[in-house]
Structure formats: structure tokens, C-alpha cells
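One letter stands for each residue in the lines below.
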Amino acid sequence: MPYILVMKKYFDVKIIVIIGIMVGIGAMMLFGYNVQNTLDAKLYYTFDFVKEFFNTLSLEDRQAYLKHEYLDMGFMLAYTAFFFLSLKRFYEGWNWVPSIALAALVFDVAETGLIILCLQGHVLPEQLFFLGWLTACKWLGVAVTFCFFVVGALKRLSVKTT
């Protein structure tokens, strides 16, 4: 309970709810489906890796991975909302900063959407020659967003304590 009081001091209720959603979806993704070695978790991978990866998935693996990817869509919307609202609060007057979180979302949606289409059989792994680059761009966007978040949070903490 004291953690919630500390969080309320620095975040509004919307952000606390979003954190709860992220934790819930993250736990379901991690423990709910026995998906090993998802493409989403890698920083980058080659085109040959993508083809081999999809060709080695069993029907059961594909179904579990598909459920995982649907959860990932919810997770990415939650983490984007968290970062967007936090950056908006941390960088008042700097209207462009929160949009950095949206850039990461665009790459993440494209990556996850293509993986879903491939798992459903609408796209062939041979057509995903750029998937590794989408994943790398997603992680770069997340890293930049996270850096802005940390700097903004530290600035906010220093202002609150003085």
C-alpha cells in the first residue's frame, strides 16, 4: 500500500492504472503461453533467421505464439500510453517529446502485425526480409523514449525534493 501512495505523489491515477495493465499483460505474456525465443524480444535478426524460425514452428507453437502476439498488441498500447502520458507530464511545453513514444509504437505495431500475418499464413516468411530492421527500429525507439523518460523523471524528482 505505501508504494501506491509514493506512486500517487509522482504519477496521476491514469498512469498508475496503465502500469497495472502493463504488469498484468506482461505476466500473462511471460507465464501464460509457453512461447520460447520470440522474435519481438531480440534486438535484431537476419532474414535467414526469420525463414528458419518460422519453418521450425509446429502448429501448437504457432497457436501459442499467435496468442502471445495478440497480448503483445495490448502491451504495446499500454507501454505507449504510459510513456506518452509520462513524457507529456515531464516535458510540459515541449509538445514534440511525447510523440517519441508514438514512433516506437509504429515500428512495434508493424513488427507484431507482420508476425501475426505470417503466423496466420497470410504472409510467407520469405516476404519478411525487413522484419529484423523493424525490430531494431522498435528497440531504438523504445531506448530513446526510455532515456527521455529517465531524464524527465530525474528532473521532476529533483524539482519535487527542492
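Fair warning: this is a prediction, and the values are worked out from it, not measured in the lab.

### Notes on the nonpolar core
Moving on, step 1. By size, the foremost hydrophobic cluster in this structure holds 20 residues, and its most contacted members are Met 22, Tyr 79, Phe 82, Phe 83 and Phe 149.
Moving on, step 2. Listing elements by their share of this core, those giving two or more residues are α2 (13-32), α4 (59-90), α5 (99-119) and α6 (131-161).
Moving on, step 3. A per-element tally of this core places α4 first, with seven residues.
Moving on, step 4. Dropping the residues within four chain positions of it, Phe 83 is found in contact with Ala 101, Thr 145, Phe 146 and Phe 149.
Moving on, step 5. Counting residues in each nonpolar core, the second largest holds 17 residues, with Val 50, Phe 54, Ile 116 and Cys 118 among its members.

### Brief notes about the packing of aromatic side chains
Moving on, step 1. Counted under the stated rule, the structure contains 17 aromatic pairs.
Moving on, step 2. Measuring from centroid to centroid gives 5.9 Å for Trp 96 and Phe 148, while their planes differ by 85 degrees, and the two rings are edge-to-face. Placement of Trp 96 in the loop between α4 and α5 and of Phe 148 in helix α6 is noted, with a sequence separation of 52 residues between them.
Moving on, step 3. Assessed through its relative accessible area of 49%, Trp 96 is described here as partly exposed.
Moving on, step 4. Each residue in the set Phe 75, Tyr 79, Phe 82, Phe 83, Phe 90, Phe 146 and Phe 149 is aromatic and connected to the rest through ring pairs, giving one cluster.

### So, the pattern of salt bridges
Moving on, step 1. For the structure shown, the criterion picks out two salt bridges.
Moving on, step 2. The residue Lys 138 makes a salt bridge to Glu 111 at a minimum N-O spacing of 3.2 Å. Of this pair, Lys 138 sits in helix α6 while Glu 111 sits in helix α5, and the two are 27 residues apart along the sequence. Each member of the pair, Lys 138 together with Glu 111, is buried.

### Quick look at the environment of Thr 145
Moving on, step 1. If you trace the backbone, Thr 145 turns up in helix α6.
Moving on, step 2. For the pair Thr 145 and Leu 102, spaced 43 residues apart in the sequence, the C-alpha separation amounts to 9.2 Å.
Moving on, step 3. Those residues in contact with Thr 145, other than ones at most four positions away along the chain, are Phe 83, Leu 87, Ile 100, Ala 101 and Ala 104.
Moving on, step 4. Within polar-contact distance, the side chain of Thr 145 engages the backbone oxygen of Ile 100 at 3.4 Å.

Calculation rules
Residues numbered from 1 in each chain as written. Predicted model: local features only at pLDDT ≥ 70, side-chain atom pairs only at ≥ 80, totals over all residues. Heavy atoms only, no water. Core = buried A, V, L, I, M, F, W, Y, C linked by side-chain atoms within 4.5 Å. Buried < 20%, exposed > 50% of the residue type's maximum accessible area, 1.4 Å probe, protein only. Helix = DSSP H or I, 4+ residues; strand = E, 2+ residues; numbered from the N terminus. Contact = heavy atoms within 4.5 Å. Phe/Tyr/Trp six-rings, centres within 6.5 Å; stacked < 30°, edge-to-face > 60°. Salt bridge = Lys/Arg side-chain N within 4 Å of Asp/Glu carboxyl O. Polar contact = N/O pair within 3.5 Å; in protein donor to acceptor, adjacent residues only side chain to side chain.

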